[in-house]
Amino acid sequence: MANKNPNVRTAIDIGLSEDERLKISQGLSGLLADSYTLYLMTHNFHWNVKGPMFNTLHVMFMEQYTEQWGALDLIAERIRALGHPAPGTYKEFVQLATIKEVDGVPKALEMIRYLVDAQEATARTARNLFPVVEAANDQPTADLLTQRLEVHEKTAWMLRSLLEE
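The structure displayed is predicted, hence computed values, not measured ones.

(A) Quick peek at the side chain of H84. Topologically, H84 is positioned in the loop between α2 (54–81) and α3 (90–96). Take H84: its relative accessible area is 12%, and that puts it in the buried class. In this structure the side chain of H84 is engaged in a polar contact, spanning 3.3 Å, whose partner is the side chain of E18. The contacts of H84, once residues within four sequence positions are left out, are E18, R21, L22, S25 and I79.

(B) Local environment of the pattern of salt bridges. On inspection of all chains with the given rule, the structure shows seven salt bridges. A salt bridge links R78 to D138; the nearest nitrogen and oxygen atoms lie 2.8 Å apart. Taken together, the positions of R78 in helix α2 and D138 in the loop between α4 (108–136) and α5 (139–163) put the pair 60 residues apart, joining distant regions of the chain. Across the salt bridge formed by R127 and E153, the nearest N and O atoms sit 2.1 Å from each other. Here the residue R127 occupies a position in helix α4, and E153 occupies one in helix α5, the gap between them amounting to 26 residues. For R127, a relative accessible area of 42% corresponds to the partly exposed category.

(C) Examining the nonpolar core more closely. The biggest cluster of nonpolar side chains holds 26 residues, and the ones touching the most others in it are I24, L28, L31, L32, I75, V133 and L145. For this core, the secondary structure elements donating two or more residues are α1 (18–48), α2, α4 and α5. Among the elements that take part in this core, α1 stands out by supplying seven residues, more than any other. What I75 contacts, discounting residues up to four positions off in sequence, is L28, L31, L32, S35 and L144. Grouped together as the second largest cluster of nonpolar side chains are 17 residues, L38, V49, V102 and V116 included.

What counts and what doesn't
- Residues numbered from 1 in each chain as written.
- Predicted model: local features only at pLDDT ≥ 70, side-chain atom pairs only at ≥ 80, totals over all residues.
- Heavy atoms only, no water.
- Helix = DSSP H or I, 4+ residues; strand = E, 2+ residues; numbered from the N terminus.
- Buried < 20%, exposed > 50% of the residue type's maximum accessible area, 1.4 Å probe, protein only.
- Polar contact = N/O pair within 3.5 Å; in protein donor to acceptor, adjacent residues only side chain to side chain.
- Contact = heavy atoms within 4.5 Å.
- Salt bridge = Lys/Arg side-chain N within 4 Å of Asp/Glu carboxyl O.
- Core = buried A, V, L, I, M, F, W, Y, C linked by side-chain atoms within 4.5 Å.

Remember that the coordinates give geometry; whether it matters functionally is a separate question.
Pasting the structure below:
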C-alpha cells in the first residue's frame, strides 16, 4: 500500500542500489560541471570572436552552445532520477569540473584550441563513468553517456579540422 503522507519520502527501488545510484550521480555531477563549463566557454567565444573567420565561428559556436544547453538538462534530470540533487552553482561547477575557465578573450584560433581541449575533456569525463554504469547495469545512463560521447568526439574533430592547413 502506498504511503499517502506527502511529507514522507518514498524509497527509490529502480533496480540500482543506493551506493550505485550515489556513485553514478557523482560521476554525472562531474559530467554536468564539465558540460556547463564547456557551454559557458562556447557561449563566451560566440559573443567575443572576431577576425577573418568571424561569421563561420560565430554561427558554429552558436550551434554548439545551443546543443550543449539541451544536454545540461538531460544530465541534471538523470541525476535527479537517481535520487540525488544536481549541482547547480558556479561554486560547485568550479570544484567538480576538469575544464578550467579561460582568462581574457583569446584570438579566434586559440578559442578553437580551447574548445577542442574542453570537448575532449568532457568526452573523457563521460567515458570514465562507463565502468561504474556498466557494473550497475544502468542502461539509461549508459545511453546518455554514449550520446554525449558521440557529440563531443564529433565536435572536437570538426574544431580540430579548422586548425589544419
